[in-house]
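Observations on the three-dimensional arrangement
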Amino acid sequence: MIQTPVALVDCNNFYVSCERLFNPALHNRPVVVLSNNDGCVIARSNEAKELGIKMGAPVFEVRDLLKKNQVEVWSSNYTLYASLSQRVMTTLEMFAPEVEVYSIDEAFLWLPGFSPAELDAQAVRIRQKVGQWTGIPVSIGLAPTKTLAKLANRQSKKNPLYKEKGIFNITGYSRAQLDELLASVRVEDIWGIGARRAAFLQQHGIDTAYDLKEAPDRWVQKHLTVMGLRTVYELRGIPSFPAELAAPPKKTIVTSRGFGRDIESFEELSEAVATYVSRLAEKLRAQHSVASVLEVFIHTSHFAKGRERYANAVTMRLPQPTAYTPELVAHARRGLEAIYRPGFKYQKAGVMVMGLVPETGRQLNLFGEGEGDPATLERNRKLMAAVDGLNRQMGRGTVRIATAGTTEAWGMRRGKLSPRYTTRWDELLAI
DNA sequence: TCTGGGGTCCTAGGACCC
DNA sequence: TCTGGGGTCCTAGGACCC
């Protein structure tokens, strides 16, 4: 059987590239993009990486470094990134019959019928076309398995000989060539091997991808579970992680956020929770699911020293599965009442749903609790569809439940937010 | 003063059943 | 005093990913 080669296409420094697209002054300069609440660095341009700014670094720790080097600092703008991501993915879909959108900035492409040399040429065309149509630079790794494609992709960025080309192709490698490459890759740089496993493996003399490839199956399975064993097979060139071409519906959905400032009052906390529930219910309806279990959690800062900490969560089984915002909000409020303690400075809250089932397949509760009879159910469904439609067209939060409040005084800090160039005409025209 | 958010999978252990 | 064994379901915790 002939194996189908896999390409991993990865957008370079994606969030930074998005910001640069609409702000050419950011080219050839160190740029970072921050997490929610402007807390951590979550994307860096190559220039910023060279300054030694680490991924995930808290802003207050690198503030001097940023200032001294006149680094451009931007708040994250997910609306913009999601929109550009879609354009990139649509472009990629022209080039392969099978595409797995793996994350906001990465996709696996299966490219049957190409020789190793032809794959190279095809990868050049993909890069060129994505660049032309979206302006986003990408790197491409080509290999017989997903794990090796990730590894090859990494080489295309790290290896100075390939950096300019942005393509690294190991589909034509001999066994000896592949072994040599794997021996140069540290075990912590393998997809699926995190810091904990890497430290463990190093203690057992396994330092490189080559060492791991050669480790005995039984030992690997015992210590790294079956997932670790699959990673090892993939290093050996045996595909063990199948293509996931259609995203399966989510099994859990979470909406949580740290506050822009600490919250003490129940009412403000309740407003935040209602806002998060509304957003969560939208996500639920977008995948045509209803939830049977709802969890609410709150906590004070993990980091604040000298202040008393408090964290609690409550999990509720709902009378019947639902995606109806008012009902979810009412349950969440009751849950919050159960765990709220006055006198603490809360830093974060969140809501989560589990036990998701398809909207069409749900069991009706015959005893009139919750949303009740089929006619009410249908009316509520239509109401939510109308609300979702309006919010899609007019912008998130145009129509909202009253308990969510209107001020969001506790909302995120986003001091350096770029306009939503691709989704809001008014913001594009304002620049 | 200031430290993100949203997911998945696997395993062990307890509850419960026959 | 000795005190089965196997199956299922659920949950909590750990590890990983971007």
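These numbers come from a predicted model, not from an experiment.

1. Looking at the protein's contact with DNA strand B
- By nearness alone, 25 residues border DNA strand B, and Asn36, Val254, Ser256, Gly258 and Lys348 come closest of all.
- When the atoms of DNA strand B within 4 Å of the protein are sorted by group, sugar and phosphate make up 69%.
- Contact distances for DNA strand B include 2.9 Å between a phosphate oxygen and a side-chain N or O atom of Lys251.
- Between Arg257 and DNA strand B, the recorded distance is 3.5 Å, taken from a side-chain N or O atom to a phosphate oxygen.
- At the level of secondary structure, the elements contributing two or more residues to the surface near DNA strand B comprise α3 (59–68), α11 (217–235) and β9 (253–263).
- Here the surface near DNA strand B gets six residues from one element, more than from any other, and that element is β9.

2. Observations regarding the packing of helix α6 (residues 146–158) against α11
- Where α6 contacts α11, the two axes come as close as 7 Å, and the packing angle between them is 70°. Relative to α11, the element α6 lies roughly perpendicular. Counted together, Lys146, Thr147, Leu148 and Leu151 of α6 and Thr231, Glu234 and Leu235 of α11 form the full contact between these two elements.
- Here the residues of the contact of α6 with α11 sort into three nonpolar, two polar and two charged.

3. Notes on the sheet that holds strand β8 (residues 167–169)
- Spatial ordering of the open sheet is given by β5-β6-β1-β7-β8, a layout of five strands whose pairing is mixed. Sheet topology places β5 (98–103) and β8 at the edges, where each strand pairs with a single neighbour. Strand after strand, the sheet turns through a mean of 15° between neighbouring axes, direction not considered.
- Bridging between strand β1 (residues 6–11) and strand β7 (residues 138–143) involves six bridges; their strand directions are antiparallel. Across the sheet, residue Asp10 finds its bridge partner in β7, namely Ser139.

4. Focus on the packing of helix α9 (residues 195–203) against α11
- Interaxial distance between α9 and α11 falls to 12 Å at its minimum, and their mutual angle equals 155°. Relative to α11, α9 is oriented roughly antiparallel. Crossing angle aside, the handedness with which α9 passes α11 is right-handed. For the pair formed by α9 and α11, the contact residues are Arg197, Phe200 and Leu201 on the first element and Trp219, His223, Leu224 and Thr225 on the second.
- Looking at the contact of α9 with α11 residue by residue, the class counts come to four nonpolar, two polar and one charged.

5. Topic: the sheet that holds strand β2 (residues 31–34)
- With mixed pairing, the three strands of this open sheet are ordered in space as β3-β2-β4. What marks the edges here is a single partner per strand, and that holds for β3 (41–44) and β4 (72–75). The sheet shows a mean angle of 30° between the axes of neighbouring strands, taken without regard to direction.
- As defined by bridge partners, β2 adjoins β3 across three bridges and the pair is classed as antiparallel. Looking at the pairing, Leu34 lines up with Val41 of β3.
- Against the sheet, helix α1 (residues 14–21) engages β2, β3 and β4, with an angle of about 110° to β2.

6. Section: the pattern of salt bridges
- Inspection of every chain in the model, using the stated rule, returns 23 salt bridges.
- Close ionic contact of Lys213 with Glu214 constitutes a salt bridge, the shortest N to O distance being 3.5 Å.
- Each of Arg154, Arg186, Glu188 and Asp189 takes part in one network of salt bridges that share partners.

7. Considerations on the side chain of Arg20
- Within the fold, Arg20 resides in helix α1.
- With relative accessibility at 12%, the residue Arg20 sits in the buried group.
- Only 2.9 Å separates the side chain of Arg20 from the backbone oxygen of Leu26, close enough to count as a polar contact.
- Of the polar contacts made by the side chain of Arg20, one reaches the side chain of Glu47; its length is 3.0 Å.

8. Focus: the pairing of β1
- Where burial is concerned, most of β1 is hidden: six out of the six residues are buried.
- Neither face of β1 is left uncovered, since the one carrying Val6, Leu8 and Asp10 and the one carrying Ala7, Val9 and Cys11 both have all their residues buried.
- Here β1 pairs with strand β6 (residues 106–110) via five bridges, running antiparallel. When the bridges of β6 are listed, Asp10 appears paired with Glu106.

9. Observations regarding the environment of Ser115
- Structurally, the position occupied by Ser115 is in the loop between β6 and α5 (116–134).
- On the accessibility criterion, Ser115 (28% relative accessible area) is partly exposed.
- Sequence separation between Ser115 and Gly172 is 57 residues; the distance between their C-alpha atoms is 8.3 Å.

10. A closer look at the side chain of Gln122
- The residue Gln122 is located in helix α5 in this model.
- Those residues in contact with Gln122, other than ones at most four positions away along the chain, are Phe95 and Phe114.

11. Quick look at the domain arrangement of chain A
- Its domain assignment divides chain A into domain 1 (1–147), domain 2 (173–247) and domain 3 (253–404).
- Using only C-alpha atoms to locate each centre, domain 1 and domain 3 end up separated by 33 Å.

12. So, the state of the cysteines
- In total, this model carries zero disulfides according to the counting rule given.
- The thiol of Cys11 is unpaired, and the distance to the nearest cysteine sulfur, on Cys18, comes to 7.4 Å.

13. A closer look at the nonpolar core
- By size, the foremost hydrophobic cluster in this structure holds 37 residues, and its most contacted members are Phe259 and Val296.
- For this core, the secondary-structure elements that each account for two or more residues are β9, α12 (266–286), β10 (289–300), β11 (311–322), α13 (325–339) and β12 (346–358).
- For Phe259, the residues in contact, after removing those within four places along its chain, are Asn37, Leu269, Ala272, Tyr276, Tyr346, Gln347, Lys348, Ala349, Trp410, Gly411 and Arg413.
- One finds Leu80, Ala96, Leu111 and Ile140 within the second-largest nonpolar core, a separate group that totals 34 residues.

What counts as what
- For every chain, the first residue of the written sequence is number 1, and numbering continues from 1 along that sequence.
- A letter from A marks each chain and a number from 1 marks each ligand, given out in the order of writing.
- With pLDDT at 70 or above as the cut-off, local features in this predicted model cover only qualifying residues; side-chain atom pairs require 80 or more to be listed or tallied, and sums for whole chains, interfaces and linings still use all residues.
- By convention in this description, side-chain values take in all heavy atoms of the structure and omit both hydrogens and water.
- By convention in these notes, a residue is near a molecule or strand provided one of its non-hydrogen atoms lies within 4 Å of it.
- N or O atoms closer than or at 3.5 Å make up a polar contact, with two conditions inside protein: a donor-capable atom paired with an acceptor-capable one, and, for residues adjacent in sequence, both atoms drawn from side chains.
- Going along the chain from the N terminus, every DSSP run of H or I of four or more residues is numbered as a helix, and every run of E of two or more is numbered as a strand.
- Interaxial angle, 0 to 180 degrees, is taken between N-to-C directions of lines fitted to C-alpha atoms, where a helix line uses only the stretch in contact.
- Put simply, angles under 35 degrees are roughly parallel, angles over 145 are roughly antiparallel, angles from 65 to 115 are roughly perpendicular, and the rest are oblique.
- Note on contacts: a residue pair qualifies if any of its non-hydrogen atoms lie within 4.5 Å across the two residues.
- Just so you know the grouping, Ala, Val, Leu, Ile, Met, Phe, Trp, Tyr, Cys and Pro go in nonpolar, Asp, Glu, Lys and Arg go in charged, and all remaining residues, Gly too, go in polar.
- By the convention used here, strands pair only if DSSP detects at least 2 bridges between them.
- For any pair of crossing helices, the crossing counts as left-handed if the nearer helix is rotated counterclockwise from the farther one by less than a right angle, and right-handed if it is rotated clockwise.
- Here a salt bridge means any side-chain nitrogen of Lys or Arg lying within 4 Å of a carboxyl oxygen belonging to Asp or Glu.
- Buried, partly exposed and exposed residues are distinguished by accessible area as a fraction of the type maximum, computed with a 1.4 Å probe on protein chains only: under 20%, between the cut-offs, and over 50%, respectively.
- Where each domain begins and ends is defined by an automated method or by a domain database.
- Cysteine sulfur atoms that pair up within 2.5 Å are treated as a disulfide.
- Here the nonpolar core consists of buried residues drawn from Ala, Val, Leu, Ile, Met, Phe, Trp, Tyr and Cys, with membership extended through side-chain atoms lying within 4.5 Å.

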